[in-house]
Amino acid sequence: MTRKHTLASIVVLSLALCLPAAAADDTAQSFVRDRQSELTTLVKANDGKHIESVFDTILDYDALAQGSLKENWANRTDAERKDFQEVLKQLVQRAYRKNLDRTLGYEVKFDGEQKESESFVVRTVATNKANAREEPIAIDYVVHRVGPVWRIRDIVTEGSSLVGNYHQQFNRIIKKDGFAELMKKMRNKLANG
């Protein structure tokens, strides 16, 4: 065997050995863990611009919007859907950022993933580093594949679904005052912090 063939064989063997490890690490839990680590680093550096970029790569805004409106989604025009999704995106980013800020003083432990229907639930527990007596906080991430990539479609904190809470609030407002009033209230919430 020539030196050239030996080198080629070593490269092919190395790639073959690396591929299963990379594929095995393409789990819902590794996705959430890696992105959370990235976001925590950005929050500590107060790098708001890059935080928004990461949010855009990990959050499935379509699923969040449709889940938040559920039965009211079909009644909306394309323009209304687009407008709703943009305002919701900003509200979700703000809520997610607040959760990240709150958990900076916490150690986050990943407790595995569980398949549920078309999604995976990645379970985490955040424990206060400074106060061991404080009850740990359970934060679960509902993720699914959008094409070849993972995306978060819901965040469940202490059993309370972000999408479920939005749906209850939004549905109540739409039934009472209409979709235009919902959009007005959402924009007011953004404007007033």
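My aim in this report is to walk through the structure given alongside it, one point at a time. (Residues numbered from 1 in each chain as written. Predicted model: local features only at pLDDT ≥ 70, side-chain atom pairs only at ≥ 80, totals over all residues. Heavy atoms only, no water.)

Two elements in contact, helix H4 (residues 61–69) and helix H6 (residues 162–177), have axes separated by 7 Å at closest approach and are oriented at 50°. Between H4 and H6, the crossing angle belongs to the class labelled oblique. Touching Leu-64, Gly-67, Ser-68 and Leu-69 of H4 are Val-163, Tyr-166, His-167, Phe-170 and Ile-174, all from H6. The class makeup of the residues in the contact of H4 with H6 is six nonpolar, three polar and no charged. (Axes fitted to C-alpha atoms, helices over the stretch in contact; angles between N-to-C directions. Helix = DSSP H or I, 4+ residues; strand = E, 2+ residues; numbered from the N terminus. Parallel < 35°, antiparallel > 145°, perpendicular 65-115°, else oblique. Contact = heavy atoms within 4.5 Å. Nonpolar A, V, L, I, M, F, W, Y, C, P; charged D, E, K, R; others polar.)

With respect to the secondary-structure elements, Asp-83 resides in helix H5 (residues 78–102). For the pair formed by Asp-83 and Met-183, sequence separation is 100 residues and the distance between their alpha carbons is 8.5 Å. Those residues in contact with Asp-83 that lie beyond four places of it in its chain are Met-183 and Arg-187.

Here the focus is the pattern of salt bridges. Summed over the entire model, instances satisfying the criterion amount to 10 salt bridges. Arg-145 is paired through a salt bridge with Asp-26; the nearest N and O atoms lie 2.7 Å apart. Of this pair, Arg-145 sits in strand S3 (residues 137–146) while Asp-26 sits in the loop between helix H1 (3–24) and helix H2 (28–44), placing them 119 residues apart in sequence. Accessibility expressed as a relative area gives 38% for Asp-26, which makes it partly exposed. One salt bridge connects Glu-116 with Arg-123, and the closest N-O pair in it is separated by 3.6 Å. For Arg-123, a relative accessible area of 29% puts it in the partly exposed group. One salt-bridge network, held together by shared partners, links Glu-116, Arg-123 and Asp-140. (Salt bridge = Lys/Arg side-chain N within 4 Å of Asp/Glu carboxyl O. Buried < 20%, exposed > 50% of the residue type's maximum accessible area, 1.4 Å probe, protein only.)

Successive residues of a regular strand alternate their side chains across the two faces of the sheet. Among the 10 residues that make up S3, seven are buried, leaving the element largely enclosed by the rest of the structure. Summarising the sheet, S3 and strand S4 (residues 149–157) pair through eight bridges and their orientation is antiparallel. The partner of His-144 across the bridge, within S4, is Arg-151. With antiparallel pairing between neighbouring strands as the criterion, S3 and S4 make up a hairpin whose turn holds two residues, including Gly-147 at a positive phi of roughly 65°. (Pairing = 2+ DSSP bridges.)

Glancing now at the sheet that holds S3. Pairing within the open sheet is antiparallel, and its five strands lie in the order S1-S2-S3-S4-S5. At either end of the open sheet lies a strand with only one pairing partner, and these are strand S1 (106–116) and strand S5 (160–161). Along the sheet, H2 makes contact with S1, strand S2 (119–128), S3 and S4, crossing S1 at roughly 150°.

Note: most residues except glycine have negative phi, and most peptide bonds are trans. One non-glycine residue with positive phi stands out, namely Lys-70, at about 40°. Locating Lys-70 in the fold gives a position in the loop between H4 and H5. Positioned with a positive phi, Glu-158 is a non-glycine residue whose angle comes to about 50°. Relative to the helices and strands, Glu-158 resides in the loop between S4 and S5.

Look at helix H3 (residues 48–58) against H5: their axes get within 11 Å of each other, and the N-to-C directions meet at 110°. Compared by their axis directions, H3 and H5 come out roughly perpendicular. In this structure, H3 meets H5 at a crossing whose hand is right-handed. Together, Gly-48, Ile-51, Glu-52, Phe-55, Asp-56 and Ile-58 of H3 and Lys-89, Gln-93, Tyr-96, Arg-97 and Leu-100 of H5 make up the contact between the two elements. In terms of residue class, the contact of H3 with H5 is built from five nonpolar, two polar and four charged. (Left-handed = near helix turned anticlockwise from the far one by under 90°.)

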